[in-house]
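Each chain, letter by letter, is given below.
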Amino acid sequence: MNPLLTIKNLVKVYGKDTRALNGISLDIYPGEFIVVIGPSGAGKSTFIRCINRLVDPSEGDIIFDGQHLEKLSGRKLRKERSKIGMIFQHYNLVGRTNVIKNVLHGQLSNIPLYKSLLGLYRFEDKKEAVELLKKVGLQDQIYKRADELSGGQMQRVGICRAILQRPKLLLADEPIASLDPLSANIVMQQLHTISKEKKLTCIVNLHQVDYAKKYATRIIGIKKGTIVFDGAPSRLTDDMIRDIYEGKESQMTLQGVSGTQSMQLAVGQNDE
Ligand SMILES: Nc1ncnc2c1ncn2[C@@H]1O[C@H](COP(=O)(O)OP(=O)(O)OP(=O)(O)O)[C@@H](O)[C@H]1O
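No experiment lies behind these values; they were computed from the predicted model shown. (Residues numbered from 1 in each chain as written. Predicted model: local features only at pLDDT ≥ 70, side-chain atom pairs only at ≥ 80, totals over all residues.)

Explanation requested: the overall build of the chain in the structure shown.
Within the chain, the secondary structure is distributed over nine helices and 12 strands. Computed over its C-alpha atoms, the radius of gyration of the chain comes to 19 Å, within 12% of the 19 Å expected for a compact globule of 272 residues. Seen through its C-alpha atoms, the chain measures out along the principal axes to roughly 55 × 45 × 40 Å. Here the chain holds 272 residues, and the buried ones make up 40% of them. In the chain, the share of contacts with a sequence separation of at least 24, taken over all contacts with a separation of at least 6, comes to 68%. (Helix = DSSP H or I, 4+ residues; strand = E, 2+ residues; numbered from the N terminus. Rg over C-alpha atoms; globule rule 2.2 N^0.38 Å. Buried ≥ 20, exposed ≤ 12 C-beta atoms within 10 Å, placed from the backbone. Contact = placed C-beta atoms within 7 Å.)

Sorry if this is basic, but what is going on with helix α1 (residues 44–51) here?
Helical geometry: 3.6 residues make up each α-helical turn, so side chains three or four residues apart lie on a common side. With six of its eight residues buried, α1 lies for the most part within the structure. Within the span of α1, buried status applies to K44, T46, F47, I48, C50 and I51. Immediately downstream of α1, the backbone of R53 shows phi near 65 degrees, a positive value.

Looking at this structure, I do not really get the pairing of strand β10 (residues 226–231). What am I missing?
A regular strand carries its side chains on alternate faces of the sheet. Across five bridges, the pairing between strand β9 (residues 218–223) and β10 is antiparallel. Paired with I222 across the bridge in β10 is I227. Two successive antiparallel strands, β9 and β10, enclose a turn made up of two residues, where K224 displays a positive phi of approximately 45 degrees. (Pairing = 2+ DSSP bridges.)

Teacher, can you tell me more about the site of the ligand here?
Within the structure, the ligand sits among Y14, G15, T18, A20, G38, S40, G41, A42, G43, K44, S45 and T46. Those elements that place two or more of their residues in the shell around the ligand are β2 (18–28) and α1. With three residues, the single largest contributor to the shell around the ligand is α1. Residues of the shell around the ligand, tallied by class, amount to three nonpolar, eight polar and one charged. (Near = placed C-beta within 6 Å. Nonpolar A, V, L, I, M, F, W, Y, C, P; charged D, E, K, R; others polar.)

I keep staring at the sheet that holds strand β7 (residues 169–173) and nothing clicks. Help me out?
Consider a sheet: its strands pair through backbone hydrogen bonds, and that pairing is either parallel or antiparallel. Here we have six strands laid out as an open sheet, ordered β6-β7-β8-β3-β9-β10, and mixed in their pairing. Edge positions in the sheet fall to β6 (84–87) and β10, since each of these pairs with one other strand and no more. Sheet twist, expressed as the mean angle between neighbouring strand axes with direction ignored, is 15 degrees. Taken together, the five bridges between β7 and strand β8 (residues 201–205) define a ladder with parallel strand orientation. (Axes fitted to C-alpha atoms, helices over the stretch in contact; angles between N-to-C directions.)

Hey, could you run me through unusual backbone geometry in this one?
Residues apart from glycine generally show negative phi values, whereas peptide bonds are mostly found in trans. Although it is not a glycine, N9 sits at a positive phi angle of roughly 50 degrees. You can see N9 is positioned in strand β1 (residues 5–14). One non-glycine residue, R166, adopts positive backbone phi at about 55 degrees. By the element assignment, R166 lies in the loop between α6 (151–164) and β7.

It is not clear to me how the packing of helix α5 (residues 123–135) against α6 should be interpreted in this structure. Could you clarify?
A pair of packed helices can be characterised by two numbers: the angle between their axes and the separation between those axes. One can describe the packing of α5 onto α6 by two numbers: an axis separation of 10 Å at closest approach and a directional angle of 145 degrees. Pair α5 / α6 crosses with right-handed handedness. Of the residues in α6, those touching α5 at D125, E128, A129, L132 and L133 are C160, I163 and L164. Here the contact of α5 with α6 is built from residues that sort into six nonpolar, no polar and two charged. (Left-handed = near helix turned anticlockwise from the far one by under 90°.)

Help me understand the sheet that holds strand β4 (residues 59–64), please; the structure alone is not making it clear to me.
In spatial order, the strands read β2-β1-β4-β5; together these four strands make up an open sheet with antiparallel pairing. Each edge of the open sheet carries a strand with a single partner, namely β2 and β5 (67–68). Note that β1 and β2 share eight bridges and pair antiparallel. In the sheet register, Y14 faces β2, and the bridge partner there is T18. Sheet contacts for α1: β1, β2 and β4; angle to β2, the most-contacted strand, approximately 60 degrees.

Honestly, the nonpolar core in this entry has me stumped. Any pointers?
Nonpolar side chains in soluble globular proteins generally cluster together in the buried interior. Within the largest apolar cluster, 70 residues are counted, with the highest numbers of intra-cluster contacts made by V35, V103 and C160. Counting residues per element, this core draws most heavily on α6, which supplies seven residues. Residue assignment places this core across two domains, with domain 1 (1–83 + 168–257) and domain 2 (91–166) each supplying three or more. Here V103 is in contact with A129, L132, L133, V157, C160, R161 and L164, once residues within four sequence places are set aside. (Core = buried A, V, L, I, M, F, W, Y, C linked by C-beta atoms within 7 Å. Domains from an automatic or database assignment.)

Here you go:
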């Protein structure tokens, strides 16, 4: 099987000397559900954002679906980017717009501007938007304004919008970091279920190691801009987790059976 995404020697330097990524190389294959873990400041967000060029890399190759994304700009970049869905920590919904229109924004790059301004979305897009909203349990909120929803509901709309884009790759940058444990559990479960159903390739940044172990087909551990672990969740031992988070306080959360209790474990008490 050919990789969907190949990253070679990816380096990102912010300003003069903040080396956020220090030469990351890896292949990502269709259908993988990858969770990226690592302490705060390790470079997880920078890594995800370099893939869709929200952040411009300083060096390296990003070969997605046969295209060198690092070389593209303008229309060609927008075209390739439309194949990559993104889920944000703070949802990035249009608050004054209703739920279904927010989901339909996933199709903005595929319809002419005047049609989107007039709300003239295709029938099949509207149908799929409703089906997706049903799937995540928001069928009763379809015409509600997005800013009237809870954080967990907003993120479920964010997932539907990203899926309606019909992407080949889905990126999620700390999708549950702003949510309470119960909502986080629901959002992770739905993200995982929908991605599996749609056979999507996903890369998700998380602080919670327990979710990484529960859902990932492969975990990437990043520390100081370098990959320090790359493998199956079963291979990630407690000692390795400690090494990854050494000197930092991690948010390893142990979920209770109900998913409502969470216990914070501090790994390495010598926090800087
Ligand atoms: N726009 C920016 N300008 C300058 N430095 C930045 C910028 N964004 C990130 N950095 C720096 O790059 C490094 C990696 O940051 P990044 O946000 O990628 O890490 P992270 O692992 O996602 O952290 P967190 O889990 O806290 O979100 C950090 O030292 C950070 O301060």
